[in-house]
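Listed here are the chains, written in short residue letters.
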Amino acid sequence: MRSAGCVFAEEEARLLLAEASTPADLARNVQRRVAGVPLELILGWAEFAGRRIVVEPGVFVPRRRTELLVTEALALLPERHTPAPAVVVDLCCGSGVVGAAIVHQAPWVELHAADIEPAAVRCARRNVGPMGGQVHSGDLFDALPPGLRGEVRVLVVNAPYVPTEAIRTMPPEARLYEPVASLDGGADGLDFHRRVAAGSPGWLVPGGHLLIETSQRQAAGTSAILAAAGFDTRTVRSEEVDGTVVVGRLATGDQRA
């Protein structure tokens, strides 16, 4: 495995050994890993924020950098029950990893997650459903129940943000084994950020927050998009997890259709 380029070969080997039911199963999984199949897809789970998240083929594999999105979202939520539970929406949810991590630490929130890809919706329901969250299928805000309009306190988004031309330079694990739709953010990688920023004000409560994961290089562009949509913005960077999040606060009274 090390000769095949697995940087953490020893740790990965221990995980494969622990999960294998027979020697033949172990041999098969080692060969798959050597061939470049992501470890998470072989194991059927990914570790995220100290928990195991179910991951299925055809679904974006969670990255540790996205833990920053969870941390920032939790900081904006009430620390205990309120008369009306705070509504959190995880848009472009993929496996549902962000929403699941949030509701695990703040079980009093009302969580809704959404994605357009059937495989992602199915996987997210396995991760979010047992925790009381709801998962919806559809294109961005079209997936959400109309009753959530004007009720969302925190909207978290890990939408595709890889520029189209940059996909061919990505590691084979992502380029060959993850759906292109979960990576491709358009010419500059910010197409989904524009759509989300334009559509979100009508769904947020006054003073509600939109949090978007982006790259350090694209952060200024993401921030400008949110500012043009009526948000006060700040950018949060974590060198520890190599994560970047733009946080936008909707100005009070700015709820566009």
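Let me sum up the structure you'll find in this document. Being a predicted model, the structure only gives us computed values, none of them experimental.

## Examining the overall build of the protein chain
And then number 1: The secondary structure content of the protein chain amounts to nine helices and nine strands.
And then number 2: Computed over its C-alpha atoms, the radius of gyration of the protein chain comes to 19 Å, within 12% of the 18 Å expected for a compact globule of 257 residues.
And then number 3: Counting only C-alpha atoms and orienting by the principal axes, one finds that the protein chain spans roughly 60 × 40 × 30 Å.
And then number 4: Each of the 257 residues in the protein chain was classed as buried or not, and the buried ones make up 53%.
And then number 5: Taking all contacts inside the protein chain whose residues are at least 6 apart in sequence as the whole, residues at least 24 apart take part in 64%.
And then number 6: As displayed, the protein chain has an accessible area near 11,900 Å², and 53% of this comes from carbon and sulfur atoms.

## A few points about the side chain of Glu178
And then number 1: Its location among the elements puts Glu178 in the loop between helix H7 (172-177) and helix H8 (191-199).
And then number 2: Its relative accessible area of 6% is what places Glu178 among the buried residues.
And then number 3: In this structure the side chain of Glu178 is engaged in a polar contact, spanning 2.6 Å, whose partner is the side chain of Arg63.
And then number 4: Excluding residues within four positions of it along the chain, Glu178 makes contact with Val59, Phe60, Val61, Arg63, Glu173 and Leu183.

## Section: the pairing of strand E6 (residues 152-157)
And then number 1: When you tally the buried positions in E6, you get five out of six residues, the bulk of the element.
And then number 2: Pairing geometry for E6 and strand E7 (residues 204-214), over five bridges, is parallel. What sits directly across from Val152, in E7, is Leu204.

## Overview of the sheet that holds strand E9 (residues 243-250)
And then number 1: Pairing is mixed in the open sheet, where seven strands are placed in the order E5-E4-E3-E6-E7-E9-E8. Of all the strands in the sheet, the pair left with one neighbour each is strand E5 (134-137) and strand E8 (231-238). Neighbour-to-neighbour, the strand axes of this sheet turn through a mean angle of 20°, independent of strand direction.
And then number 2: Pairing geometry for strand E4 (residues 110-115) and E5, over four bridges, is parallel. Opposite His112, over in E5, you have Gln134 as the bridge partner.

Here is what the cut-offs are and how they apply
- Residues numbered from 1 in each chain as written.
- Predicted model: local features only at pLDDT ≥ 70, side-chain atom pairs only at ≥ 80, totals over all residues.
- Heavy atoms only, no water.
- Helix = DSSP H or I, 4+ residues; strand = E, 2+ residues; numbered from the N terminus.
- Rg over C-alpha atoms; globule rule 2.2 N^0.38 Å.
- Buried < 20%, exposed > 50% of the residue type's maximum accessible area, 1.4 Å probe, protein only.
- Contact = heavy atoms within 4.5 Å.
- Areas by Shrake-Rupley, 256 points an atom, 1.4 Å probe, with all protein chains shown as cover.
- Polar contact = N/O pair within 3.5 Å; in protein donor to acceptor, adjacent residues only side chain to side chain.
- Pairing = 2+ DSSP bridges.
- Axes fitted to C-alpha atoms, helices over the stretch in contact; angles between N-to-C directions.

No statement about biological role is implied by the geometric values presented.
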